[in-house]
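Chain by chain, the residues:
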Amino acid sequence: MKKNRYLYVLLSGLILILSSCVRTEESLFEESAALRLNRAIANDRKLLSSADNGWVMEYFPTNGSPGFVLLIRFDSSGIASIAAKNEVTPMYDISTGTWNMIDDSGPVLTFDTYNAALHVFSDPNSGYGQGLGIGLAGDYEFIIMNASETEFTLKGKKRGTNIRLYRFPEKKEWRSYFADVNKVNALFNVNIPYLHLTVNGSRVMLTGGHSHIFNIETASDYPVEIPFIVTDEGIRFAQPFETNGVSVQKFRLSDDGNSLWADENAIAKIELPLPQEFFVATLQTKKWAIDTTSAGLRGIIDSVYAGLNAVNRTLVQLDFRDLSDSVALAVQVKSTATGVTAIGRFYYSVKPTEDGIEFAYKGTSDTGGDVLRRLSGFSELLQALDATFKIDSVNSTLNPSVLTLENTADTSLWFVLKQRL
Amino acid sequence: MTSVILETLKKEYKLTNYEYSLMRKNSKIWLLIWTAALFSACVRFEDSFTDSIFVDEPELDPASELYPFDRWLEENYLKPYNLDFRYRMQDKGSDMDYNLVPAKLENSLEMAILVKHLWFEAYNDVAGPDFLKQHGPRIIHLIGSAAYKPALQTMVLGTAEAGIKITLYNCNELNPKNIDLLNEYYFETMHHEFAHILHQKKTYPKEFETFSAGYYDPSYWQERTDSEAASLGFASPYGSSQPREDFVEIIANYIVKDSVWWTDRLRMASQSGVNRDGQVVDDPLDGQEIIEAKIDMCRKWLKESWDLDLDSLRRNVTKRQLQIDSALIEGYKKIDEYKNEQL
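Scope of this entry: the structure provided in the associated data block.

What counts, and at which threshold
- Residues numbered from 1 in each chain as written.
- Chains lettered and ligands numbered in written order.
- Predicted model: local features only at pLDDT ≥ 70, side-chain atom pairs only at ≥ 80, totals over all residues.
- Heavy atoms only, no water.
- Helix = DSSP H or I, 4+ residues; strand = E, 2+ residues; numbered from the N terminus.
- Contact = heavy atoms within 4.5 Å.
- Areas by Shrake-Rupley, 256 points an atom, 1.4 Å probe, with all protein chains shown as cover.
- Pairing = 2+ DSSP bridges.
- Axes fitted to C-alpha atoms, helices over the stretch in contact; angles between N-to-C directions.
- Salt bridge = Lys/Arg side-chain N within 4 Å of Asp/Glu carboxyl O.
- Buried area = accessible area lost by both parts, 1.4 Å probe.
- Polar contact = N/O pair within 3.5 Å; in protein donor to acceptor, adjacent residues only side chain to side chain.
- Nonpolar A, V, L, I, M, F, W, Y, C, P; charged D, E, K, R; others polar.

Further remarks concern the overall build of chain A. The helix and strand inventory of chain A stands at eight helices and 25 strands. In chain A, once contacts between residues fewer than 6 apart in sequence are set aside, the share between residues at least 24 apart is 50%. Carbon and sulfur atoms make up 52% of the accessible area of chain A, which totals about 21,000 Å².

Right, dumping it as structure tokens:
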């Protein structure tokens, strides 16, 4: 009984202590949750409409989609003007609709009447993305995660994508912003077969740049997909990518417009392929025809002409083309009597090096090649091309269509290649 | 507990000692009486048309670009019908299963004017001004896109929820010049959904379900052609999905479709159906006779249950369809007049 009495006293004490804890609980906030939410909404509304020249929105419809930049001005009367120029709005355009800040379990920015530049990403009838009924499946309601005078961090309400909204410079023209975006976009034109990502001296190949989703071959079975967004200054990956112990996400366009640097020292950079890499990569879809040549090589080609004339043929074109496993020098000839054309192929292995490209003659295996190689001038031609060449682009680093190849052992032997379809 | 309540009542209602002693004597009975009184007080608040049920709506801002339209909606929907005409979309107010976009602002203006002209005023003319005040929806929600079901290759044109809310989809395709599309996408849908509201309040005759019993198909109705559906006694393929859809499809189509359409539909119904592959599908039913019987039953039910003359409503809607242009001009003019309040 005595033992029980102690127990009762102890329990009573505990109850008193616990109940006293409840009584001393302090309110952490001076206002109710509803009041704080209303205040946050009003503050966000004021901040958004305070930017006279609007905001840049870096918008990703879904986590697997490429990003799109939009310029948005939030009018305090409730109208949002949105400018766009991208794959789904090909011509620069400003469209309008209403915007609002609503309470939806937190402050939410919504564009609640149709605004073509934004809602095209959500429209199930847009014809883009996954087709009728789904479209690009993007959001038009955004949860406000952080807000300041210069930047908002948003999250798409349905898809959960991370979206940045930052103040657009006061004096900059909207249209000129998209011109700057275009300059960066030049690095992702469909003619560029791939780009190199170099991090701390280690290189990986980035393919698919024109779709704004890089594919990176990794040691695993599946390539990694990295959606990115093109801005006026460079690009930003949707998510950070880690390689060689370095995490990279944002790259700025270099002054010459030919590469993207993650930092001033270019420890991480994205670069165009070298002309020799470009030559090899584009052989799969294009031909490279021998155009002008040095006097030394011209003499050899003249012998080829003479050899063909002797058998009533004339030379139509000399070009390099890809034959899946090796590169062929294709010699297209035409009969002067019948006008019928024929092709002889001579195979080379090609190997891009840091400075140029190595051609190694492997022989011929087709009938046309077998006939032609016996004619005068051909063995000299095949031998002259069996060499190492320094290679340069003549017209463009972004989309080279004219290349010069100069024999590294004999600089008097050079020729020009022009891209043909 | 009872004594605490009685003490409170004494103070609150300043009861005399005699009254208080009577109550104490019969405390249980008095408690029952007071409880009943409290409940009856609640009943008195029900369905008042003088106060809006949308009490939390923010006040209209004269500085807003939308003020003239919002004021017009207030005067033409909120005050007379206690109805919130929602043209500004919120995902949480829509079906999250679909990918949807908001309606274009200019289309919302046109839709608001047309719904008033072709729908509310038609019922007002035929059934009197109180009919929709009492039975009409309390929310109309506009959605810009259709609600697609890609797997079924169908789209939802409208929905009615709990007799309160009608959602109209595909408003970004609105074209007031195309009466057929107006009816197909919106007004047939509105009559359809409103007929649901009416039969949810007063059930339709059970006999209706016997006309096409055994031919309803909730899963594959979308595979049926107009011809197949008509030959089975349905006004539309969707009507063949289930009896309640059949019932409202008969009413909605009867109101909005013209005599050319109905002549053709009844001709179809009198013949064997032809399926999507062009094959004739035989059935033992006389589709024309069934559809006519269904229309008669709907006509009778509307008259007896709702004192609503279906044929008068049809004639009124037909007449109003010819006045769309002038209704739009008048509507825009009225909306513009509210700009004066912004000055």
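Once that is clear, we can look at the sheet that holds strand β6 (residues 107-110) of chain A. All names here are of chain A. Across the sheet, which stays open at both edges, the nine strands sit in the order β4-β3-β2-β1-β9-β8-β7-β6-β5 with antiparallel pairing between neighbours. The sheet is open, and its two edges are formed by β4 (93-98) and β5 (100-103), each paired on a single side. Neighbour-to-neighbour, the strand axes of this sheet turn through a mean angle of 30 degrees, independent of strand direction. In this structure, strand β3 (residues 79-84) lies alongside β4, joined through six bridges in antiparallel fashion. Paired with isoleucine 79 across the strands is threonine 98, a residue of β4. Running at roughly 165 degrees to β5, helix α2 (residues 33-50) makes contact with β1 (55-59), β2 (68-74), β5, β6, β7 (141-147), β8 (151-156) and β9 (162-167) of the sheet.

For the coordinates displayed, the defined rule picks out 40 salt bridges over all chains. Note that A:Arg164 is salt-bridged to A:Glu58, the shortest N-O span being 3.5 Å. Of this pair, A:Arg164 sits in strand β9 while A:Glu58 sits in strand β1, and the two are 106 residues apart along the sequence. Here the residues in one salt-bridge network are B:Arg71, B:Glu74, B:Glu75, B:Lys79 and B:Glu341, joined through shared partners.

Between chain B and chain A, the contact holds 25 residues from the first and 27 residues from the second. Buried surface at the junction of chain B and chain A, summed over both partners, amounts to about 2,100 Å²; 55% is from carbon and sulfur atoms. On the chain B side of the interface with chain A, the three residues burying the most area are B:Arg88, B:Asn99 and B:Tyr148, jointly 29% of the side's total. Residues B:Arg88 and A:Asp112 are paired through a salt bridge, measuring 3.0 Å at the closest nitrogen-oxygen approach. For the pair chain B and chain A, the number of links is 10 residue pairs in polar contact (both at pLDDT 80 or more). For the side of chain B that touches chain A, a count of residues per class yields 14 nonpolar, five polar and six charged.

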